[in-house]
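# Chains, contacts and geometry: an overview
Each chain is listed here by its residues.
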There are 2 protein chains.
Amino acid sequence: MAHKVTILDIARLAKVSTTTVSRVLHNKPDVDPATRERILRIVEEQGFVPSITAAGLAAGRNPLISVLVPALTWPLIPELLLSVASVVESTSYEMVLYSISSSNHERDCGKIIDRILATRLTAGLLAVFPGQSSQHLTRLRRQGFPVVLIDDQSPPPEGIPWIGADNRRGAYEATRHLIELGHRRIAHIQGPLKYCVSHERYQGYCDALQEAGLEVDPSLVLEGDFMPAGGQRCALALLSRPASERPTAIFAASDYMAYGVIAAAETLGLRIPQDLALVGFDDNPASAHVRPALTTVRQPVHAMGEQAIKLLLEMIEQEQMPRRRRQTLPATAEESPREAPRIVLPTSLVIRESCGALQRHPSALLPEI
Amino acid sequence: MAHKVTILDIARLAKVSTTTVSRVLHNKPDVDPATRERILRIVEEQGFVPSITAAGLAAGRNPLISVLVPALTWPLIPELLLSVASVVESTSYEMVLYSISSSNHERDCGKIIDRILATRLTAGLLAVFPGQSSQHLTRLRRQGFPVVLIDDQSPPPEGIPWIGADNRRGAYEATRHLIELGHRRIAHIQGPLKYCVSHERYQGYCDALQEAGLEVDPSLVLEGDFMPAGGQRCALALLSRPASERPTAIFAASDYMAYGVIAAAETLGLRIPQDLALVGFDDNPASAHVRPALTTVRQPVHAMGEQAIKLLLEMIEQEQMPRRRRQTLPATAEESPREAPRIVLPTSLVIRESCGALQRHPSALLPEI
DNA sequence: CTGTTAGCGCATTCAT
DNA sequence: ATGAATGCGCTAACAG
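Residues numbered from 1 in each chain as written. Chains lettered and ligands numbered in written order. Predicted model: local features only at pLDDT ≥ 70, side-chain atom pairs only at ≥ 80, totals over all residues. Heavy atoms only, no water.

An unreviewed UniProt entry lists chain A under the name HTH lacI-type domain-containing protein, from Thermogemmatispora tikiterensis.

Okay, here's the thing in structure tokens:
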């Protein structure tokens, strides 16, 4: 290993104390400009970079952020992570990735969360779609650990800042779009009902129907699994009904399920959009490529990631104060339990071929990369 | 913040010294079984987890691993990361993610790499498709920092363990498959020639043609960009030639470009696979969903990630020895510069609809998730 | 404006 | 089989 240059080396070379070096490194005001200049130069020359580890130990916190994600291969996770990463990398923080891999889903992310908290490696946690395990998160949060949640969870856990998409409105717009295209028998393939988003999207679907004076036909609403297989299964059931009862349009609660619908339609010899209009939800990158290109509701992943991580960073910066020095803390202003922010970001309807609103146009196949 | 329990607390509760606690935590042999038992119990009760930071500082290394990836939204990256993450999470290491986000690509990952090395936060680096910047990596490696590379780079940088896919053979098999289906005018859309893999895949293409006694027609080989747009552009050029010169099959060097070919074919009213056979390369998750489902060469991403991270972990464990203690190092056995491992993993041809080898069968649309 | 003094929490000699 | 002592590299009071 090459020689490691420490702050002490710099101090010696600059003929000052390590304290002073530390000061300029942290942009403290009280330093002679000339000295500062000199130190900076030497730091540069020597290629000195402070040891995060040591700094963290001494200061009682680390410039590291935990990011907890599910499968990683889920549709929008990489996009989300990308926007998070780009924000993180513009700061001096690093990002530690924890994924709830399929295998150890049972031993729950509870374990991971314990690890995150106990180890004190990171200064905060951004949890993406943590599923059922948000109970652990509230525990974390209650201990004063900065946590921000993205989406998910039925009643968003109290006290945890939360960022999500406006699922209900997105679903409403998708359904309304189908209604405007003249459809009257519109089916809905729901996500698993254990997820809150499934209910929200269903609500949006109902909103649109009711607004149009159509009534919700329960037999046109099936519960899927967010995966293509489930979409296909439901579509098969829906589409094999007698023509007079068969839906002319389907709103699937996820793009994946919409893929399943496409497969089912093909099996039955139904053309999309001519015989069946289809709208999905998510706007997976792949959805612009499937044939027919899928009309869908785009989730504001980029904004979600960005806002969430910025919020978390803010929380962490605030948390700085109550170091473990037992000082005459100004009797702490009663730790006003400010409402945790709830940010709901708007979705947007992306119109492609599958809903029949467009002439089939080859350029629609071009990826939007 | 909840009270943080330290090793000292444990020691007090167990009425032993921190040294002893440390010993049992590290499974050192010389500890009275009864004492060990007692300590372990208390550790459990208190939910004590050692501070990574402090341990790292004291021991001179951290149980952290840097993983450097490009875009994250690139086709196979999430899958790769997934297998890496699952291995990492089965150890006591954590994984720090660095991504070469689009924006700061110019300031190069050189900067990130500096950060990785200088900061000494992590004990090793797994670099995935690092592109041009592998020069920085060799520097890292030369300083004795454990580095493992996945794929990429023309002459794989010396001295760096390297894991890759057998691009040439994969391309060979894809092309041979087309030949076996009776095609004679087979075009190839290459990746950007600045990438080594593009050449390798081209070589495989040539191998198959030559083996079949066909000659390589340079006018049937176009350079693309790995993206759908480039694939479409090339396909348009290829397919608008007079029928007698038009290729009957296209082998695209990436699935993305194959998507572009599909779009182009549709524009020109050509049916796949009836009028044009198509094979891609990568096996993106989406490729099973596009219509027609894409025949392609699957990269062994899972194995690549797993092997790479395991290799890295081994290197790190070895590196342990030469701590910075100035002991009477046994005159070091001349640091035998063992050849850095080069592991080439086999690809596999995934036959779907686009090559025409299959009857079009709806179930082929089912995702393989 | 600058240096001195203590640790942060743990691992590791070196004694016993 | 166990403990005392030392220091990893840095930050943050507290004096000058």
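After presenting the structure, the write-up continues.
### Points about the protein's contact with DNA strand C
Lining the immediate surroundings of DNA strand C are 28 residues, of which Thr19(A), Thr20(A), Asp32(A), Ile7(B) and His26(B) lie closest. Counting only the atoms of DNA strand C that lie within 4 Å of the protein, the sugar and phosphate share comes to 60%. Separating a phosphate oxygen of DNA strand C from a side-chain N or O atom of Thr20(A) is a distance of 2.8 Å. Ala54(B) has a polar backbone atom sitting 3.3 Å from a base nitrogen of DNA strand C. Looking at the surface near DNA strand C element by element, the count peaks at four residues for helix H4 (residues 52–59) of chain B. Split into classes, the residues belonging to the surface near DNA strand C amount to 11 nonpolar, nine polar and eight charged. (Near = heavy atom within 4 Å. Polar contact = N/O pair within 3.5 Å; in protein donor to acceptor, adjacent residues only side chain to side chain. Helix = DSSP H or I, 4+ residues; strand = E, 2+ residues; numbered from the N terminus. Nonpolar A, V, L, I, M, F, W, Y, C, P; charged D, E, K, R; others polar.)

### Examining unusual backbone geometry
Pro273(A) follows Ile272(A) through a cis peptide bond whose omega is 10°. Within the element layout of this structure, Pro273(A) appears in the loop between helix H11 (255–267) and strand S9 (277–282). A positive phi is found at Asn27(A), a non-glycine position, where the angle reads about 60°. Its location among the elements puts Asn27(A) in the loop between helix H2 (18–25) and helix H3 (33–46). With phi around 55°, Lys15(B) is a residue other than glycine that occupies positive phi space. You can see Lys15(B) is positioned in the loop between helix H1 (7–14) and helix H2 (18–25). On the basis of relative accessible area, Lys15(B) is assigned to the exposed category, the value being 73%. (Buried < 20%, exposed > 50% of the residue type's maximum accessible area, 1.4 Å probe, protein only.)

### A word on the protein's contact with DNA strand D
Taken together, 29 residues surround DNA strand D, and among them Ile7(A), His26(A), Thr19(B), Thr20(B) and Asp32(B) come closest. Each atom of DNA strand D within 4 Å of the protein was assigned to sugar, phosphate or base; sugar and phosphate come to 63%. Between DNA strand D and Arg23(B) there is a distance of 2.9 Å, counted from a base nitrogen to a side-chain nitrogen or oxygen. Contact distances for DNA strand D include 3.4 Å between a base oxygen and a backbone N or O atom of Leu57(B).

### As for the UniProt feature "domain: HTH lacI-type" (unreviewed entry) in chain A
Using the residue numbers shown here, the UniProt feature "domain: HTH lacI-type" (unreviewed entry) corresponds to residues 5–59 of chain A. Span residues 5–59 of chain A is 69% helix and 0% strand, its end C-alpha atoms 20 Å apart. (UniProt positions renumbered as here; feature names shortened; annotations may be inferred.)

### Looking at helix H10 (residues 228–239) of chain A
The periodicity of an α-helix, 3.6 residues per turn, causes residues three or four places apart in sequence to face the same way. Residues and elements named next belong to chain A. When the terminal C-alpha atoms of H10 are compared, their 16 Å separation across 12 residues agrees well with the 16 Å that a helix rising 1.5 Å per residue should span. Regarding H10, the residues found buried are Pro228, Gly230, Gly231, Gln232, Cys234, Ala235, Leu238 and Leu239. Against strand S6 (186–190), strand S7 (221–223), strand S8 (249–252) and H11 lie the buried residues of H10. (Expected span 1.5 Å × (residues − 1). Contact = heavy atoms within 4.5 Å.)

### A closer look at the relation of the copies chain B and chain A
Least-squares fitting of chain B to chain A yields an RMSD of 0.2 Å, with the transformation described by 0.0 Å of translation along the axis and a rotation of 180°. Taken together, these values place the two copies in the relation of a two-fold axis. Comparing contact sets, 100% of the residues at the interface of chain B also lie at the interface in chain A, consistent with an isologous, same-surface contact. (Least-squares fit on C-alpha atoms with pLDDT ≥ 70 in both.)

### Focus on the nonpolar core
Grouped together as the largest cluster of nonpolar side chains are 93 residues, with contacts concentrated most on Ile250(A) and Ile250(B). Residue contacts for Ile250(A): discarding those within four places in its chain leaves Leu178(A), Ala187(A), Ile189(A), Leu238(A), Leu239(A), Val261(A), Leu276(A), Ala277(A), Leu278(A) and Val279(A). Counting residues in each nonpolar core, the second largest holds 66 residues, with Ile77(A), Leu80(A), Phe129(A) and Ile77(B) among its members. (Core = buried A, V, L, I, M, F, W, Y, C linked by side-chain atoms within 4.5 Å.)

### Thoughts on the pattern of salt bridges
All names here are of chain B. Enumeration over the complete set of coordinates arrives at 18 salt bridges over all chains. For Asp207, the salt bridge identified is with Arg168, shortest N-O distance 2.7 Å. Highlighted residues: Asp207 in helix H9 (residues 196–211) and Arg168 in helix H8 (residues 167–180), separated in sequence by 39 residues. For the salt bridge of Asp275 with Arg271, the shortest nitrogen-to-oxygen distance reads 3.2 Å. We classify Asp275 as partly exposed; its relative accessible area is 29%. A relative accessible area of 48% means that Arg271 is categorised as partly exposed. (Salt bridge = Lys/Arg side-chain N within 4 Å of Asp/Glu carboxyl O.)

### Some words on the sheet that holds strand S8 (residues 249–252) of chain B
Residue and element names in this part refer to chain B. As summarised here, the arrangement of the six strands in space is S7-S6-S8-S9-S10-S12, forming an open sheet in which the pairing is mixed. Of all the strands in the sheet, the pair left with one neighbour each is strand S7 (221–223) and strand S12 (348–350). Each strand axis lies, on average, 20° off the axis of its neighbour in the sheet, ignoring direction. Where H9 meets the sheet, its contacts fall on strand S6 (186–190), S7, S8 and strand S9 (277–282), and the angle it forms with S6 comes to roughly 170°. Across the sheet, helix H11 (residues 255–267) touches S6, S8, S9 and strand S10 (295–298), and the angle it forms with S9 is around 155°. (Pairing = 2+ DSSP bridges. Axes fitted to C-alpha atoms, helices over the stretch in contact; angles between N-to-C directions.)

### Examining the packing of aromatic side chains
Residues and elements named next belong to chain B. Within the structure shown, the criterion is met by eight aromatic pairs over all chains. Each ring, one from Phe251 and one from Phe281, has its centre 6.4 Å from the other, and the planes form 45°; the classification is tilted. Of this pair, Phe251 sits in strand S8 while Phe281 sits in strand S9, and the two are 30 residues apart along the sequence. The positively charged end of Arg201 is found above the aromatic ring belonging to Phe281, 3.8 Å away from the centroid. (Phe/Tyr/Trp six-rings, centres within 6.5 Å; stacked < 30°, edge-to-face > 60°. Lys NZ or Arg CZ within 6 Å of the ring centre and 35° of its normal.)

### Thoughts on the pairing of S9(B)
Residue and element names in this part refer to chain B. Buried residues dominate S9, accounting for six of its six residues. Pairing analysis gives three bridges linking S8 to S9, with the strands arranged parallel. If you follow Phe251 over to S9, its bridge partner there is Val279. In this fold, S8 hands off to H11, which returns the chain to S9; that crossover is right-handed. (Right-handed = clockwise from strand over helix to strand, strands pointing away.)

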